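One letter stands for each residue in the lines below.
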Amino acid sequence: MHFPTKTRNFVVLLAKNMREIAFREALREAMQEEMRRDESVFLLGEEVAEYNGAYKVSQGMLAEFGEKRVIDTPIAELGFAGIAVGAAMKGLRPICEFMTFNFSLVAIDQVINSAAKINSMSNGQYTCPIVFRGPTGSAGQLAQQHSQAFENWYANTPGLKVVVPSNPADAKGLLKSAIRDNNPVVFMESEQMYGFKGMVPSEEYLIPIGKADVVTPGTDVTIVSFGKMMLRCHDAVAELTKEGINAELIDLRTVRPIDYDTIIESVKKTNRLVIVEEAWPLASISSEVSHIVQRRAFDYLDAPIHRVTTQDTPLPYAPTFVEAFLPSVKKIIDATKSVLYRA
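Not measured: the values here are computed from a predicted model.

Draft legend 1. Representation of the packing of aromatic side chains in the model. Evaluated as defined, the whole model comprises 7 aromatic pairs. Ring centres 5.6 Å apart and planes at 70° place the aromatic pair F98 and F101 in the edge-to-face group. Owing to a relative accessible area of 0%, F101 belongs among the buried residues under this scheme. When the centroid spacing of 5.9 Å and the interplanar angle of 5° are considered together, the rings of F98 and F132 count as stacked. Residue F98 is located in the loop between β4 (93-97) and α5 (108-115), and its partner F132 is located in strand β5 (residues 131-136); the two are separated by 34 residues in the primary sequence. Judged by relative accessible area, F132 falls into the buried class, the value being 0%. What links up through ring pairs into an aromatic cluster is the set F80, F98, F101, F132 and Y154.

Draft legend 2. Summary view of the nonpolar core. In terms of nonpolar packing, the biggest core is built from 44 residues, with C96, F98, I130, F132, Y154, V186 and V293 touching the most fellow members. For this core, the secondary structure elements donating two or more residues are β2 (41-45), α4 (77-89), α5, α7 (151-155), β7 (185-190), α10 (260-270), β13 (273-276) and α11 (285-296). The greatest single-element share of this core, amounting to 6 residues, is contributed by α4. Setting aside anything within four residues of it in sequence, one finds Y154 in contact with F101, S104, I108, V111, I112, L160, V162, V186 and M188. Of all hydrophobic cores here, the second largest spans 35 residues; its members include A171, L175, A178 and Y205.

Draft legend 3. Representation of the layout of surface pockets within the structure. In this structure, the largest pocket spans a volume of roughly 270 Å³. Breaking the lining of the largest pocket down by element, the ones donating at least two residues are α7, β12 (254-256) and α11. Residue composition of the lining of the largest pocket, grouped by class: 9 nonpolar, 4 polar and 2 charged.

Draft legend 4. Representation of the pairing of β7 in the model. Buried residues dominate β7, accounting for 6 of its 6 residues. By the bridge criterion, 6 bridges tie β5 to β7 in an arrangement that is parallel. Across the sheet, P135 pairs through a bridge with E189, a residue of β7. Where strand β6 (residues 161-163) lies against β7, 3 bridges are found, and the strand directions are parallel. Bridging from a neighbouring strand, V162 pairs with V186 of β7. Handedness of the crossover is the feature at issue here: the chain leaves β6, passes through helix α8 (residues 168-180), returns alongside β7, and the resulting connection is right-handed.

Draft legend 5. Region of the structure containing the pattern of salt bridges. Under the criterion given, the structure shown has 23 salt bridges. The partner of E33 in a salt bridge is K172, and the shortest N-O contact between them spans 2.7 Å. Here E33 is found in helix α2 (residues 23-37), whereas its partner K172 is found in helix α8, with 139 residues between them in sequence. Among the salt bridges present, the one from K211 reaches D259, with a minimum N-O distance of 3.6 Å. With K211 in the loop between β8 (197-201) and β9 (213-216) and D259 in the loop between β12 and α10, this pair connects stretches of sequence that are 48 residues apart. Taking relative accessible area as the criterion, K211 reaches 29% and is therefore assigned partly exposed.

Draft legend 6. Structural detail: the state of the cysteines. Enumeration over the complete set of coordinates arrives at 0 disulfides. Not part of a disulfide, C96 finds its nearest cysteine sulfur in C128, a span of 10 Å. According to the relative accessible area criterion, C96 is buried, its value standing at 0%.

Reading the values: rules and limits
Residues numbered from 1 in each chain as written. Predicted model: local features only at pLDDT ≥ 70, side-chain atom pairs only at ≥ 80, totals over all residues. Heavy atoms only, no water. Phe/Tyr/Trp six-rings, centres within 6.5 Å; stacked < 30°, edge-to-face > 60°. Buried < 20%, exposed > 50% of the residue type's maximum accessible area, 1.4 Å probe, protein only. Helix = DSSP H or I, 4+ residues; strand = E, 2+ residues; numbered from the N terminus. Core = buried A, V, L, I, M, F, W, Y, C linked by side-chain atoms within 4.5 Å. Contact = heavy atoms within 4.5 Å. 1 Å grid on protein atoms, 1.4 Å probe; cavity = no way out; pocket = protein on both sides within 12 Å on 5 of 7 lines; lining within 4 Å. Points joined across faces, edges and corners; volume = space filled by probe spheres on them. Nonpolar A, V, L, I, M, F, W, Y, C, P; charged D, E, K, R; others polar. Pairing = 2+ DSSP bridges. Right-handed = clockwise from strand over helix to strand, strands pointing away. Salt bridge = Lys/Arg side-chain N within 4 Å of Asp/Glu carboxyl O. Disulfide = S-S within 2.5 Å.

Keep in mind these values describe shape, not function.
Next comes the structure, spelled out in structure tokens:
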């Protein structure tokens, strides 16, 4: 069944059969279903085949689809990303897995200067239906070069779509849509969420790219986030509810395109906005959302917009510094109370 719809909640309500599966299983099911449906879809990346994936996302796929469609590559991101882009230009639909998006920097020329631009540079003669996927953001004590969030980097590039799911149901529905999309899609997951479980419909479904999800309706303040930070926002909203604060929580799901209309509609109702993001503050997604909201809904704001981001420094190794670096439930609660002018 296809759900051409607005929100994940709508999908869950319509689905007759639900089951609880892990985030990695939802991603695997999406790839398996699309590879069974379309023989032009294939997966390549480091350790995706014989090892069943560094995070076991592709477990069992080599046995089902064979070595021509599930391909182990050398440790050479620039090389295999280029192969994937060329394959996409010739009519295939590659899923190019980076072991982490920190390593995608080695291949960023292929993503930005080839995949994102080939349709424009060829005047529409070539499309590039490719999905670049893998984990993003911090994953504990992995230090500075393995803990970065580059969603805003890729979202700054015309020609790319950028998806950052926060739960298994969204991960599956959005990845299926990404694989079918004729544009290059950067699909960014959280390494810490691969074991996170959630309810997923048994029926086939797609979630449209570019539509946010109003996860928790509210009237007092709008909280906007995406990806792993949604888990902390959920906890913050639960604590705020105990204190009588009715927060509306919005999951962006995609950061290019951004569903500004849903945010604006919410701000017009609540008159206050907090944006939570696991990224450095300068030129971030929260910066862009803040700008658009003050342009389109300035007269509705009863308080300055408050952003909760990571600290403006490379991520240290010590666990105490990791906690201080990242957005926390307390920081989100404090930010929410500040826009409500509560101590």
